[in-house]
Structures are given as C-alpha cells and as structure tokens.
Amino acid sequence: VFEMFDDLLLLMKGGNTVFFGELGKESVNLVNYFEGLGAEPIEYGENPAAWMLSAYAGNSAPQDVDFPEAFRQSDQYKKLQDQIEASKESPVEAKRIQYDSGFATPFKEQVQLMNRRIVAIYKRSPAYNLTRVMIAILYSFIIGSVFITKAYKEDNPYLENDAEGVLSTIFLSLIIVGVTSITMAVPVMKKIRDVFYKHRASGMLEHNSVAWALALGETPYICLVSVLFAAIYYGTVGLFQGATSFGLFWVFFTLNIATYSYFGQAFICLVRDIPTSMAIVGALIGYNVFFSGLIVKPQYFGSVFQLGLWTAPGRFAYEGLVMSQFAGNDREIIATANSPFYFYLGCQAYTGNGTALPESGSCQGTFDDYVTFFFGGLFTKENFWLDVGVLLGYMTLARALTWFSLKKFNYTNT
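Residues numbered from 1 in each chain as written. Predicted model: local features only at pLDDT ≥ 70, side-chain atom pairs only at ≥ 80, totals over all residues. Heavy atoms only, no water.

What to know about the state of the cysteines
What the rule picks out here adds up to one disulfide. Cys347 shares a disulfide with Cys363; S-S distance 1.8 Å. Around the S-S axis, the bridge from Cys347 to Cys363 shows a dihedral of about 70° and counts as right-handed. Taken together, the residues Cys347 in the loop between α14 (340-344) and β5 (364-366) and Cys363 in the loop between α14 and β5 connect sequence positions 16 residues apart. (Disulfide = S-S within 2.5 Å. Helix = DSSP H or I, 4+ residues; strand = E, 2+ residues; numbered from the N terminus.)

Put into structure tokens, the structure is as follows:
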C-alpha cells in the first residue's frame, strides 16, 4: 500500500515537518533523503514505511540531527516553496479547488439521510418508545375507566360532581402524558446532541439537517402515542359523539404531546447537562399546571396573573379539548342542590335533604351549560383557531430554540 502513494507528508511530534515530497520508485527519494542525513542504510527487503520511522525516531536515529530544521534547509523544501510562489503569481484556473457547498449532498438529501438515522436511533431505543406507548395505554384506561359505568347508560345520568370529574380526567391526561413526553425526551436528545457535536467538528453534519430530522423523526411516535391514548380514553370515558369530536380530541392531544416533546429537545440543547434542563422542564410543567384553568379557574385570575393564563401552552390545549367536546353537548347533568351551578341554572332554593332530589327539587342542565359556568364563560368554542394557532406557535418556538442551540452551542470536547 505504501508504494501506491505519490507523495508523503511525514510529521513528528509537535506537527513539525520531517519530509514532504514524491516518494519515487520503490521509495528511492525517501530512502536517499534520510540516508543522506546519517540514518542507517535500509536493508534489502526491509519495509520503507517501517524503516523511515526508525530512521528519524528510532534508537538508531542520528541524535545530532534536527530533522525539521534539516528539511527546511533541504532541496525538497526549496522546491516546494518555489511551487507555492509560482502558483500564487500565475494560478491555473483549471486547478482551482472550489466547492459550491461544504457538503457533498444537497440539503434535501442531507435531511433524508439524517431522518433515516434518527428513525434508526428511535427503533434501537425500545426503552424510550415502548415505555411511552405503554404509559399511554395504561393511563388512558385507568383515567377513562373511572366513568365507564356511566358512559353508556342512559338511565344513569351524570351528576354535577361527575361532570367536574370528567374535566379533571381530561386535565390529568394532558399533564401525565405531557410530563412523560418531556422528561423522556431529554436523555435521548442529549445522546443525539453529543454525537452531533463530534460530527459537526469533523465536517460531516450541520445543524439545519439535524434540526429538521429531529422534528420529522419524532412525529410518527407522537401521533402513535396520541391516537392510542385518545382512542382508549375516549371510549372508556364515554365521550363519543361522532368522528369529528374524536378527531378534534386527537388533534389537541397531539399538539399537546408535540409541544412537550419539542421543548424537552430544546431545553437539553440550550443548556449543558440533564439536571439543568430538568429544572427548566419542572418550571414549564408547574407553569402549565397552575395556569391551565382547572387548579385555578380562569375567572379567578386577576391583574398580572392574566399574563400567565394567556401565555401557558397548557391552557390552550385544555381549552381546545374541553370546548371541542362539550360546547353544544346537550347530555343532561343534575346539579347539586343549592350549589353555585344550581343557582346559575336559575333553580329555586331547595330545602330537602339534598341526596335523592324529588321532582319538585331537581335541577338539570347540560354539559354545555356546565363548562360555560365552570370556566366563567372564558373558555369558548370561538377560541378554536386561537388555541390551535398558539400551540403551533409554541411548537415552532421549540423547534427554533433547538435549531439555534445546535448552531451556537457545543457542550462537549470535540
């Protein structure tokens, strides 16, 4: 193999040049050069590649020779300098080395190849993907089955407490699956990020293709988790009103999972390590829990707290889910005697025992009435496109943060 080389650049410790030039037939130029500096003559049949190393760095190498300085005083070095100066003065345009891009493939193909790599990484990460799928299946059944005895019985009407419970299970669904998505995305993304740093340093990859591939590679799993959870929960809790309602439920649930997952990727790219990113993750989760509209109802946020209500992504996912299911829903709800909802419906004060309401004391509304009352009229179906737009905006922000962080930061030694 060594004899196939036309030219050889030989460096010693420190990056100093020991020899540069044509090897010549059977490495005659290399052999003559080192023998001329006092190296032991090469023996018959000896490998020139092994001999040259011992010639200047072995035990038998001449100790009084400064090989880098000797090269700078050699004819090879002078010839090399003359060639460089000649190319500067009269460059041959045909020999100009010029590339339109730093990469051999166009951007579209880079994204395709990187996406194929991300998909392969995800397929080889069963702990990540199977776990979130199993969590989605398990919790969707546990949360939804709370109302399975009422779901499909016409003679078993919903009470006011039941309606509040349904709203709570929707909220729990968003939070549990969202928290699972964002916390599991962080360690997987860190591994991908650290490998990318090394590939970028070697000139193999750039941030644009990686950022796009991360979004594309994550999307199928987000959709799978979402459709599994939505189908099981939707069926067990008894929300079925038609394909449109289910489709809207799936859309908002998917947007919620995507928002959490993408921010998980963004946070670990933005900071150095997992503990720091998990601190930011915890802040986002707490922000969503508090301002989504269930723990504290929208009508009770005043002054500066309105800012949180209108900036928490969880609020828009929750509003979109609730109103897509219950706006215009005429399923009956029996109000608790003398409760705020009872009087909201315009019913008269009841003085009975309040357990089994007689006909004279019963007060019934609908799910549509209840969600309007519960959220103070601040959650409305008219906000549908606002909810979708804000969630898409947060997803875009997360992708932009990931892109920016991959471009600007490097938290490993490359």
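Here we look at the pairing of strand β1 (residues 7-12)
Every other side chain in a regular strand lies on the same face of the sheet, so the side chains alternate between the two faces. Across six bridges, β1 lies against strand β2 (residues 16-22) in antiparallel orientation. Bridging across to β2, Met12 finds its partner in Asn16. The hairpin formed by β1 and β2 contains three residues between the paired strands, and Gly14 there has a positive phi angle of roughly 100°. (Pairing = 2+ DSSP bridges.)

Here we look at the packing of aromatic side chains
Taken as a whole and judged by the stated rule, the model has 44 aromatic pairs. A centroid spacing of 6.1 Å and a plane angle of 70° characterise the contact between Tyr56 and Phe67, whose relative ring orientation is edge-to-face. Taken together, the residues span a long stretch of sequence, with Tyr56 in helix α2 (residues 48-57) and Phe67 in helix α3 (residues 67-72) at a distance of eleven residues. Each member of the pair, Tyr56 together with Phe67, is buried. Relative to Tyr197, the ring of Phe196 lies with its centre 6.1 Å away and its plane at 50°, an arrangement referred to as tilted. Given a relative accessible area of 2%, Phe196 falls into the buried group. Residue classification places Tyr197 among the buried positions, given a relative accessible area of 1%. (Phe/Tyr/Trp six-rings, centres within 6.5 Å; stacked < 30°, edge-to-face > 60°. Buried < 20%, exposed > 50% of the residue type's maximum accessible area, 1.4 Å probe, protein only.)

A word on the environment of Gln348
Positionally, Gln348 belongs in the loop between α14 and β5. Considering only alpha carbons, one finds Gln348 and Ser362, 14 residues apart in sequence, at a separation of 9.6 Å. Beyond its immediate chain neighbours, meaning those up to four positions away, Gln348 contacts Tyr342 and Phe343. (Contact = heavy atoms within 4.5 Å.)

A closer look at the packing of helix α9 (residues 207-237) against helix α10 (residues 243-270)
Following both chains from N to C, one finds α9 and α10 inclined at 135°, their axes separated by 8 Å at the closest point. By the angle between their axes, α9 is oblique relative to α10. The element α9 and its partner α10 pack so that their crossing is right-handed. Taken together, the residues of the contact of α9 with α10 sort by class into 18 nonpolar, six polar and one charged. (Axes fitted to C-alpha atoms, helices over the stretch in contact; angles between N-to-C directions. Parallel < 35°, antiparallel > 145°, perpendicular 65-115°, else oblique. Left-handed = near helix turned anticlockwise from the far one by under 90°. Nonpolar A, V, L, I, M, F, W, Y, C, P; charged D, E, K, R; others polar.)

Description of the pattern of salt bridges
Between side chains of opposite charge, pairing is possible as soon as their charged atoms come close. If you walk through the whole model with that rule in mind, you get five salt bridges. The residue Asp194 makes a salt bridge to Lys190 at a minimum N-O spacing of 2.9 Å. One end of the pair is Asp194 and the other is Lys190, both in helix α8 (residues 160-201) and four residues apart, which spans about a single turn. Assessed through its relative accessible area of 15%, Asp194 is described here as buried. Residue Asp194 is joined to Arg193 by a salt bridge in which the shortest nitrogen-to-oxygen separation is 2.9 Å. (Salt bridge = Lys/Arg side-chain N within 4 Å of Asp/Glu carboxyl O.)

Concerning a nonpolar patch on the surface
A contiguous nonpolar surface patch, about 380 Å² in accessible area, is contributed by Leu138, Tyr139, Phe141 and Ile142. Summarising the element assignment, Tyr139 is placed in helix α6 (residues 126-144). (Patch = residues over 30% accessible without salt bridge, like charges linked within 9 Å, V, L, I, M, F, W, Y side chains within 5 Å. Areas by Shrake-Rupley, 256 points an atom, 1.4 Å probe, with all protein chains shown as cover.)

Describing the side chain of Gln325
With respect to the secondary-structure elements, Gln325 resides in helix α13 (residues 313-326). Within polar-contact distance, the side chain of Gln325 engages the backbone oxygen of Ser245 at 2.9 Å. (Polar contact = N/O pair within 3.5 Å; in protein donor to acceptor, adjacent residues only side chain to side chain.)

Re the sheet that holds strand β3 (residues 158-159)
Spatial ordering of the open sheet is given by β3-β4-β5, a layout of three strands whose pairing is mixed. What marks the edges here is a single partner per strand, and that holds for β3 and β5. Across two bridges, the pairing between β3 and strand β4 (residues 332-334) is parallel. Bridging from a neighbouring strand, Leu159 pairs with Ile334 of β4.

Let's talk about α8
Helical geometry: 3.6 residues make up each α-helical turn, so side chains three or four residues apart lie on a common side. Relative to the 62 Å expected for 42 residues at 1.5 Å per residue, α8 spans 61 Å between its end C-alpha atoms, a close match to the ideal helical length. If you look at α8, its biggest bend is around 30°, right at Val186, and the proline Pro187 turns up within four residues after that. Directly after α8, the chain includes Gly203, whose backbone phi takes a positive value near 80°. (Expected span 1.5 Å × (residues − 1). Bend = angle between axes of the 7 residues up to and from the residue.)

Concerning the nonpolar core
Counting residues in hydrophobic clusters, the biggest one holds 84 residues, and the most contacted among them are Leu167, Tyr318 and Phe326. For this core, the leading source of residues is α8, giving 17 residues. Setting aside its immediate chain neighbours within four residues, Leu167 contacts Tyr318, Val322, Phe326, Tyr370, Val371, Phe374 and Phe375. Judged by nonpolar contacts, the second largest core, of 19 residues, contains Phe2, Ala55, Ala70 and Phe71. (Core = buried A, V, L, I, M, F, W, Y, C linked by side-chain atoms within 4.5 Å.)

Let's talk about the environment of Leu378
In this fold, Leu378 is placed in the loop between α15 (367-374) and α16 (384-408). Placed 355 residues apart in sequence, Leu378 and Leu23 show a C-alpha to C-alpha distance of 83 Å. When residues no more than four places from it in sequence are discounted, the contact partners of Leu378 are Pro298, Gln299, Arg315, Glu319 and Asn383.

Brief notes about the layout of surface pockets
Here the idea is plain: a probe the size of a water molecule rolls over the atoms and shows the empty space left. Roughly 240 Å³ of internal volume is contained in the largest pocket. Asp7, Phe20, Gly21, Glu22, Asn29, Gln76, Lys79, Leu80 and Gln83 are the residues that line the largest pocket. Of all the secondary-structure elements, those providing two or more residues to the lining of the largest pocket are β2 and α4 (75-89). Take the lining of the largest pocket: its biggest share by element is four residues, from α4. Looking at side-chain class alone, the lining of the largest pocket contains two nonpolar, four polar and three charged residues. (1 Å grid on protein atoms, 1.4 Å probe; cavity = no way out; pocket = protein on both sides within 12 Å on 5 of 7 lines; lining within 4 Å. Points joined across faces, edges and corners; volume = space filled by probe spheres on them.)

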